[in-house]
Amino acid sequence: MNVAVFRTGPMLLWTAVLLFVPCVGKTDWLHLQAWPNPVFEGDALTLRCQGRKNVSLSQVKFYKDGKVLRFSEGKQTLSMGAATVKSHGQYHCTGQVMYISQTFSQTSETAMVQVQELFPPPVLSAIPSPEPREGSLVTLRCQTKLHPLRSALRLLISFHKDGRTLQDRGPHPELCIPGVKGGDSGLYWCEAALEGGQVQKQSPQLEVRVWAPVSRPVLTLNHGPADPAVGDVVQLLCEAQRGSPPIRYSFYLDEKIVGSHSAPCGGNASLLFPVTSKHDAGNYSCEAENRVSRERSETKKLSLKGSQAFSTPTGSNWLVPWLPASLLGMMVIAAALLVYLRLRKNAGPLPSQIPPTAPGGEQCPLYASVHHQEEKNEGVVYSVVRGTSKGSGARPAEFTAGRKDSSVIYAEVRCLQPSEVSSREMNIRSRTLRDPLGDREEVLC
């Protein structure tokens, strides 16, 4: 009986001990705490591994995402420094727990540490466009925003380009560039920093490209020394002296596009075409265009062989609208002149037909007397008409061989038939005609 009691006593003792000793493994004997909570970027993050009822711990290890961060012989806290987005993860700790003179290994539950973003990375924008026209105003704007729980903090902004600082840290989130030039093209970025420098973030790079507008292009027609003919080849060469590439060139014939080419690196563009008909003649021009501007060249006229016109710059076609009015005016003037001449003819000889002044100062009449040559032919005969002075009386013209009188005028005389005389009642009409060699008068008798 006594022997049985002696044997079962130690077994009961060990059973009682096992009931009160913590089990090895993950239990609530260890607890991992992270503070501050919530934790933001820049905050000093601290981890603490605690035992239940402040039991003694030794050989404490901290883990993040299953990997050992640090091993400490006696310290139960771990300083993580300034928290960053990379501090986000799952943490736990392990340690040796001393209980009733026994040491047991314990593991804490996993704690999720979420580091909240104090402010997002800034975004740099160019207003009105990252591809402005040369000479315009460009505003660079750096945008970000503090978390509402930390809105009392202060952010400082700086601007940079191609490795150099344009504006040091300050409270202003904008930078103005007036009258941008080609040298202002490049890579820009901005940086937002918490006052004190604990947290700073840089924006993605923004490429700003300043566009120079195209100048007025010059059109050249190349077709040899003479006007081209059907079958010849004509070259149109268009060039803008300045302007940011790529430049697109378009060619026009009388406002109708006949071809276009692109110059990716700038320079000029040409168009070759064979002359197939007279429709290829006309007014040619070209146009240069890039992203910010468009310019048209002066017009040049191309004429085919045999035409009076030739390839010259015509400028603007300001004469075209006035052409119908000019033609109408010429027609009116011609009609008025015709009416005037008819009226003058009915009224008498024109001043230019007044006979010259005689040597005595008196004017000679256009005709004084007519001497009919005796001819058997009843057709056209010629007689001599000589002017006489006033008051001298009309005398028959005298014919003298070898004598030339400046007052003698040859007149064409046609005698009427008897039937014609009765119908016209001897109505004598005369008509004076201008001849390169002198006056010639046609007399109907």
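Rules used in this analysis
- Residues numbered from 1 in each chain as written.
- Predicted model: local features only at pLDDT ≥ 70, side-chain atom pairs only at ≥ 80, totals over all residues.
- Heavy atoms only, no water.
- Helix = DSSP H or I, 4+ residues; strand = E, 2+ residues; numbered from the N terminus.
- Buried < 20%, exposed > 50% of the residue type's maximum accessible area, 1.4 Å probe, protein only.
- Contact = heavy atoms within 4.5 Å.

Overview of the environment of R52
Relative to the assigned elements, R52 resides in the loop between β4 (44-51) and β5 (57-64). Taking the relative accessible area as the measure of exposure, R52 reaches 32% and is therefore partly exposed. For R52 and W29, which are 23 residues apart along the polypeptide, the C-alpha to C-alpha distance reads 4.8 Å. Non-local contacts of R52, meaning those with residues more than four positions away in its chain, are made with D28 and W29.

Thoughts on unusual backbone geometry
Of note, the amide linkage connecting N37 to P38 takes the cis form, showing an omega dihedral of 0°. Tracing the chain through its elements places P38 in the loop between β2 (30-35) and β3 (39-40). Backbone torsion omega between P245 and P246 reads 0°, so that peptide bond is classified as cis. Residue D65 is not a glycine yet carries a positive backbone phi of 50°. Examined against the element boundaries, D65 turns out to sit in the loop between β5 and β6 (67-72). A positive phi angle, near 50°, is found at D162, a position not held by glycine. Structurally, the position occupied by D162 is in the loop between β14 (155-161) and β15 (164-170). A relative accessible area of 44% places D162 in the partly exposed class.

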